[in-house]
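Okay, here's what each chain looks like letter by letter:
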Amino acid sequence: MRILVIEDEKKVARALREGLEAEHYEVRTAADGEEGFSLASRDSFDLVLLDLMLPRRDGIEVLTALRKRRVPTPVFILTAKDAVEDRVLGLDRGADDYLVKPFTFPELLARIRALLRRGRMDPVLKLQHEDLQMDLATRKVARREQSLELTGKEFEILECLLRHRGRIVSREMLARDVWHVSARATPLDNVIDVTMARLRRKIDDPFEKKLLHTVRGVGFVLGARHK
């Protein structure tokens, strides 16, 4: 389980990271709202822990922007702002839970487990973008109701792209989530590019509208061409 901690207080961020890693969560941290928004919108996380009083972009702005981008990742607000109005605002803007500092770590862990269980109760078995459809149960892919034959890696790449449709999927993400390699290397980049080219020939070449786009130097996006 991957958790993103967006917290500008170094001691708090370090304590959260160490505590969560001790519970076997994989943790990334961001020290300001702009960095946190960039990570949350481009990378894949199971949960975001979000402070509200952040430099460069406050927590409510980050939360609102993520929900406008239709980022579905659960967001758990951790903040010293304890007014009822602040709690209502955070939840209304799309937060999934709200905990006021100072809090006990066991309570935080219990709430995190509850949120993650909630996210696993209704697994998505079908993914779709426009006329491209994927059935995860049968591992069938079709576009305009035409069946597409994909290799195992092509299927996994397309699943990753569909789960992040409209957002950039980096080569780092593909290396980690599809090839299960933590560190990128040039030979693997070449394999990713070759596999992506084969996938593009299958899902795009036979059709007038192109869905898969390359963002030079960054990665790939399924959906509207990244500006």
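Participant: When you look at the environment of Arg165 in this model, what are you seeing that I'm missing?
Facilitator: If you trace the backbone, Arg165 turns up in the loop between α6 (152–163) and β10 (168–170). Aside from chain neighbours lying at most four places away, what touches Arg165 is Gln128, His129 and Leu222. A distance of 3.4 Å separates a polar atom in the side chain of Arg165 from the backbone oxygen of Gln128.

Participant: I keep staring at the sheet that holds strand β1 (residues 2–6) and nothing clicks. Help me out?
Facilitator: Strand pairing within a sheet occurs via backbone hydrogen bonds; the two strands may be parallel or antiparallel. Taken in spatial order, the five strands line up as β2-β1-β3-β4-β5 in an open sheet, and their pairing is parallel. Two strands in the sheet have a free side with no partner beyond their single neighbour: β2 (26–30) and β5 (97–100). Pairs of neighbouring strands in the sheet enclose a mean axial angle of 20°, with direction left out of account. Sheet topology places strand β3 (residues 47–50) next to strand β4 (residues 75–79); three bridges connect them, and they run parallel. Residue Val48 lies in a different strand from β4, and its bridge partner there is Val75. Against the sheet, helix α1 (residues 10–22) engages β1, β2, β3 and β4, with an angle of about 170° to β2.

Participant: I keep staring at the pairing of β4 and nothing clicks. Help me out?
Facilitator: Every regular strand shows the same layout, with side chains that alternate between the two sheet faces. The buried count for β4 comes to five of five residues, which makes it a mostly enclosed element. Residues Val75, Ile77 and Thr79 of β4 are buried on one face, and the alternating residues Phe76 and Leu78, pointing to the opposite face, are buried as well. Assessed by its sense of winding, the connection that carries the chain from β3 through helix α3 (residues 59–68) to β4 is right-handed. Pairing geometry for β4 and β5, over four bridges, is parallel. Each residue of the ladder has a partner; that of Phe76, found in β5, is Asp97. A crossover connection joins β4 to the parallel β5 through helix α4 (residues 84–92); in handedness this β-α-β unit is right-handed.

Rules behind the numbers
- Residues numbered from 1 in each chain as written.
- Predicted model: local features only at pLDDT ≥ 70, side-chain atom pairs only at ≥ 80, totals over all residues.
- Heavy atoms only, no water.
- Helix = DSSP H or I, 4+ residues; strand = E, 2+ residues; numbered from the N terminus.
- Contact = heavy atoms within 4.5 Å.
- Polar contact = N/O pair within 3.5 Å; in protein donor to acceptor, adjacent residues only side chain to side chain.
- Pairing = 2+ DSSP bridges.
- Axes fitted to C-alpha atoms, helices over the stretch in contact; angles between N-to-C directions.
- Buried < 20%, exposed > 50% of the residue type's maximum accessible area, 1.4 Å probe, protein only.
- Right-handed = clockwise from strand over helix to strand, strands pointing away.

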